[in-house]
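In case you want the letters, here they are:
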Amino acid sequence: MPKRIALAAAAVAIPAALVLIGVGIGQAADQAPPPVSHQAAKHAGKQAGKAERRAAAVKNLDDPAKKEIAMKLVSSAENSSLDWRAQFKYIEDIDDGRGYTAGIIGFCSGTGDMLELVEYYTQVKPGNVLAKYLPALRKVNGSDSHAGLDPDFTKDWKTAAKDKAFQDAQEHERDRVYFNPSVSQGKADGLGTLGQFIYYDAIVMHGPGDSKYSFGGIRRTAMSRARTPAQGGDEKAYLHAFLDARKKAMQSEEAHSDTSRVDTEQRKFLNEGNLGLEPPLKWKVYGDPYEIDS
């Protein structure tokens, strides 16, 4: 899985009222602007107010309510449950070549993010039950080996998962490595809440990186086929291109060959035009139905 990318974009808006009453193009500087009627100024003020309210109503994926939806959607695909907080204790080897997969975001012993998580947890709480596994986690990084972890690592992981400090550490690393970079990139590409979630789910499974089937590679493939909204492209067309590339990346691995999280979840929301990821939401993953009412 691992590593990170972060970009940001900013836009400056000029209130309509200022445009209407400002000096016109080609107008002499010492020439007084034409008078603006009270009715026109009032109308311009109303329009500017509407625009501001619309902008304020737009919520990104880092809005707390939207983030909660994102966590539930990922959990439905990763753990067949909407109760993502119950997954702090989750740990197993799913035979995908990444060693142990564990926790709320699928930290892996073979990809480095589990090592970084336990390192961070140990900084926050030295002497914790997982600290003794740090040497082994460093050795198995990059492989599917359990050397130095068995037989007690899974038991000790579940013990650590009862500790609020470890739960907080999992959320901290989830945000640092996956959530914040993907949302930032989504905003920079001009994507709405659904698009930001599509990025987040992809980076969780495939990792940031620049290889063909990493998040960076998937995005690069999509951008070769459609322009992002930030480039003046159509948002739905770009997201369809991204999901096409994501699906191909999933099909390249047997462990991820079931693409229902794309086909009957993300693509469904996109076909419905729900770019704001607004509930109620209904979807299926692996044939199981899920629903978020609010």
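Not measured: the values here are computed from a predicted model. (Residues numbered from 1 in each chain as written. Predicted model: local features only at pLDDT ≥ 70, side-chain atom pairs only at ≥ 80, totals over all residues. Heavy atoms only, no water.)

### Section: the pairing of strand β4 (residues 281–285)
Argument step 1. Only one face of β4 is buried: it carries Leu-281, Trp-283 and Val-285, and the other face, with Lys-282 and Lys-284, is open.
Argument step 2. In the sheet, β4 pairs with strand β5 (residues 288–292) via five bridges, with the strands oriented antiparallel. The residue bridging Leu-281 from the neighbouring strand is Ile-292, located in β5.
Argument step 3. Hairpin geometry of β4 and β5 is characterised by an intervening segment of two residues between the two adjacent antiparallel strands and by a positive phi of about 55° at Tyr-286. (Buried < 20%, exposed > 50% of the residue type's maximum accessible area, 1.4 Å probe, protein only. Helix = DSSP H or I, 4+ residues; strand = E, 2+ residues; numbered from the N terminus. Pairing = 2+ DSSP bridges.)

### As for helix α4 (residues 113–124)
Argument step 1. The first and last C-alpha atoms of α4 sit 17 Å apart over 12 residues, in line with the 16 Å expected at 1.5 Å per residue.
Argument step 2. Taken together, the buried positions of α4 are occupied by Asp-113, Met-114, Leu-115, Leu-117, Val-118, Tyr-121 and Thr-122.
Argument step 3. Where α4 is buried, its residues touch β2 (100–102), β3 (107–108), α5 (134–140), α6 (153–160) and α7 (164–188). (Expected span 1.5 Å × (residues − 1). Contact = heavy atoms within 4.5 Å.)

### Details of the packing of helix α3 (residues 64–79) against helix α11 (residues 260–271)
Argument step 1. Between α3 and α11, whose axes approach to 11 Å, the crossing angle comes to 165°. On the basis of their axis angle, the class for α3 and α11 is roughly antiparallel. Helix-helix and strand crossings are classified by hand; for α3 and α11 the assignment is right-handed. Two secondary-structure elements touch here, α3 through Leu-73, Ser-76, Ala-77 and Glu-78 and α11 through Arg-261, Glu-265 and Phe-269.
Argument step 2. When grouped by side-chain class, the residues that make up the contact of α3 with α11 number three nonpolar, one polar and three charged. (Axes fitted to C-alpha atoms, helices over the stretch in contact; angles between N-to-C directions. Parallel < 35°, antiparallel > 145°, perpendicular 65-115°, else oblique. Left-handed = near helix turned anticlockwise from the far one by under 90°. Nonpolar A, V, L, I, M, F, W, Y, C, P; charged D, E, K, R; others polar.)

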